[in-house]
Amino acid sequence: MKRKKIYNLFQINLMVFYTFCFMLVPILLVLSYIFDLHIITSVNNIILVADIVTIIVFIIGLLYILLTRDRFERRLKPSYQREFLALIIIVAFGVLGIAILFIYLGGLLIYVPHVIIPLFLVAYLILFIVGQKYFNINLLRR
């Protein structure tokens, strides 16, 4: 019987952080759509500001993770439920943000479900695999 590898908190935080940085631009697009910033300014400015914020968050977050590496490398848990819940929320807002990016780039509103549904299914499949392998969480049991 093959044993599952248990990952330390540093590796889990690194995975969640990279996912957050990858999805930060779509998440910021969701916020800009909620507050109707596309009416006040151009979409190019919104995306540019989101990119700048993402770069700043990436640099500060990576420095923080690297400075606290020793402390987090010594922590192990049998399962990382809180971190996985954060990952699910990040990916959900990211998929919604990609649909808003589709709208911002000139896509028709009628085709938004054609973008969201396949992205959601692919994201859920990836989360299912990642949850079992790295976070030690089985989505079928819950």
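As a convention, each chain's residues are numbered from 1 in the sequence order in which they are written. Restriction of local features to residues with pLDDT of at least 70 applies here, the model being predicted, together with a cutoff of 80 or more for giving and counting side-chain atom pairs; totals for whole chains, interfaces and linings are based on all residues. Only hydrogens and water are set aside when side-chain values are computed; all heavy atoms of the structure are taken into account.

J.: With reference to specific residues and values, describe the packing of aromatic side chains.
T.: Planes of paired rings set the category: under 30 degrees apart is stacked, over 60 is edge-to-face and the rest tilted, where pairs are Phe, Tyr or Trp rings (Trp by its six-membered ring) whose centres lie within 6.5 Å. Taken as a whole and judged by the stated rule, the model has seven aromatic pairs. Taking the centre distance of 6.1 Å and the plane angle of 45° together, the rings of Phe17 and Tyr18 count as tilted. Given a relative accessible area of 10%, Phe17 falls into the buried group. Residue exposure (1.4 Å probe, protein chains only): buried if accessible area is under 20% of the type maximum, exposed if over 50%, otherwise partly exposed. The exposure class assigned to Tyr18 is partly exposed, which follows from its relative accessible area of 42%. Arranged with centres 6.2 Å apart and planes meeting at 55°, the rings of Tyr33 and Tyr104 form a pair that is tilted. Residue Tyr33 is found in helix α1 (residues 9-34), and its partner Tyr104 is found in helix α5 (residues 81-104); the two are separated by 71 residues along the sequence. Joined through ring pairs, the aromatic side chains of Phe17, Tyr18 and Phe58 make up one cluster. Comment: elements are numbered from the N terminus, with helices defined as DSSP H or I runs of at least four residues and strands as E runs of at least two.

J.: Break down the packing of α1 against helix α3 (residues 43-67) for me, citing the residues and quoting the values.
T.: As a rule, the C-alpha atoms of each element are fitted with a line to give its axis, helices using only the stretch in contact, and angles between N-to-C directions run from 0 to 180 degrees. Running from N to C, α1 and α3 cross one another at 160°; their axes reach a closest spacing of 9 Å. The angle between α1 and α3 falls in the class roughly antiparallel. As for the relative orientation of α1 and α3, their crossing is right-handed in sense. Contacts between α1 and α3 pair Phe10, Asn13, Leu14, Phe17, Tyr18, Phe20, Cys21, Leu24, Val25, Leu28, Leu29 and Ser32 from the former with Ile46, Ile47, Ala50, Asp51, Val53, Thr54, Val57, Phe58, Gly61, Leu62 and Ile65 from the latter. Under the scheme applied, nonpolar residues are Ala, Val, Leu, Ile, Met, Phe, Trp, Tyr, Cys and Pro; charged residues are Asp, Glu, Lys and Arg; polar residues are all the others, including Gly. In terms of residue class, the contact of α1 with α3 is built from 18 nonpolar, four polar and one charged. To sort the angles, those under 35 degrees are grouped as roughly parallel, those over 145 as roughly antiparallel, those from 65 to 115 as roughly perpendicular, and the leftovers as oblique. Left-handed describes a crossing whose near helix is turned anticlockwise from the far helix through less than a right angle; right-handed describes the clockwise counterpart. Residues are treated as being in contact if the distance between any of their heavy atoms lies within 4.5 Å.

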